[in-house]
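Residue-level structural notes
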Amino acid sequence: LPTASNPLSVEIGPGQFDGFNLSGVGDISFRGAGPTITTIGRVNQAAINIANSNRLNFQDLKVTGGFPAPVYWQGGGSSTWTNVHLAGSLYAWTETNCNATTGRAKHYWFSSRFTSSGKGYLAACSENWFFGSEIAVEGPGLGGVKGLLVFGQPSFGISPEAHLYGSTIRVKPSPGTSFSTPTGGNECSGVVAVCAGLNGKVHIHGTGIDVIGNE
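Right, let's walk through the structure included here. (Residues numbered from 1 in each chain as written. Predicted model: local features only at pLDDT ≥ 70, side-chain atom pairs only at ≥ 80, totals over all residues. Heavy atoms only, no water.)

Quick word on the state of the cysteines
As a reminder of what qualifies: The term disulfide is used for any two cysteine sulfur atoms that are within 2.5 Å. Helix and strand assignments come from DSSP, with helices taken as H or I runs of at least 4 residues and strands as E runs of at least 2, each series counted from the N terminus. With a 1.4 Å probe rolled over the protein chains alone, any residue whose accessible area is under 20% of its type maximum counts as buried; one over 50% counts as exposed, and the rest are partly exposed.
Counted by the stated rule, this structure contains one disulfide. The residue that forms a disulfide with cysteine 98 is cysteine 125, at a sulfur-sulfur distance of 1.4 Å. Where cysteine 98 bonds to cysteine 125 through sulfur, the torsion about that S-S bond is close to -125 degrees, and the disulfide is left-handed. Note that cysteine 98 is positioned in the loop between strand S8 (91-96) and strand S9 (106-110) and cysteine 125 in the loop between strand S11 (119-123) and strand S12 (127-131), a separation of 27 residues in sequence. No difference in accessibility class separates cysteine 98 from cysteine 125, as the two residues are buried.

Some thoughts on the pairing of strand S6 (residues 48-65)
On a regular strand, each side chain points to the face opposite its neighbour's, so the side chains alternate between the two faces of the sheet. Let me state the cut-off plainly: Two strands pair under a simple rule: DSSP has to find at least two bridges between them.
Examined bridge by bridge, strand S3 (residues 20-23) and S6 share four bridges and lie parallel to one another. Across the sheet, residue serine 23 finds its bridge partner in S6, namely alanine 51. Note: strand S4 (residues 28-31) against S6, four bridges, orientation parallel. Paired with phenylalanine 30 across the two strands is phenylalanine 58, which belongs to S6. Bridge count for strand S5 (residues 38-41) against S6 is three bridges, and the pairing is parallel. Pairing of glycine 41 across the sheet is with threonine 64, part of S6. With 14 bridges connecting them, S6 and strand S7 (residues 71-88) associate as parallel partners. Bridging from a neighbouring strand, isoleucine 48 pairs with valine 71 of S7.

Brief notes about the environment of glycine 26
Note the cut-off: Note on contacts: a residue pair is in contact if any heavy atoms of the two residues lie within 4.5 Å.
Looking at where glycine 26 falls in the secondary structure, it is placed in the loop between S3 and S4. Residue classification places glycine 26 among the buried residues on the basis of a relative accessible area of 12%. Along the chain, glycine 26 and glycine 141 lie 115 residues apart, while their C-alpha atoms are 34 Å from each other. Apart from the residues lying within four places of it in its own chain, the contact partners of glycine 26 are Pro2, Asn54, Arg55 and Leu56.

Structure follows, in structure tokens:
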């Protein structure tokens with residue numbers, strides 16, 4: 001298996017490729033030929049399932065998938081993503097199953113995109129750093145259209161956080177889509193660019209935020 005002193009590099013050429021699972025395996029780099037040229041995808045399920053994996057690198061590719069998201073991260077670990085497009089249906093990124101034992105995962109994103117029709121990026125227990133990246137959500141959603149959600153889970157016992165630098169967050173419901181007005185205790189319903197709850201922390205610097213309603 002790859003190690004920090006003996007990493008593995010996977011070169012992926014042009015085309016459409018099936019997804020894969022990684023559990024407890026790290027020190028691997030996946031490099032495509034560009035996000036418009038190399039696609040990793042599955043229908044109606046996550047394309048890449050990752051659990052407790054450290055020092056993973058993804059670059060120059062597109063990941064597509066259905067529920068829950070193109071990439072589904074579980075537990076701790078760490079990753080770096082450069083020029084990657086995550087194109088999902090409901091979510092573009094989501095995570096779960098992290099606790100005091102697994103530790104808090106850490107993710108770095110450079111010049112990457114997250115697109116979906118409902119929720120862009122859900123951080124439930126990780127530390128996330130975005131540089132020059134875009135979260136764009138447009139569609140009917142499910143109970144609303146939301147960009148960046150940073151929500152801790154009481155059972156996880158780990159507080160998530162997100163830092164954005166020089167990035168963009170765009171949220172827009174589809175024409176004709178109706179949503180309920182946010183009410184007390186449910187402020188993240190409706191059309192929301194950024195929402196932090198349950199000890200979540202969000203730091204935004206030099207980032208454009210666009211929330212566009214409909215009729």
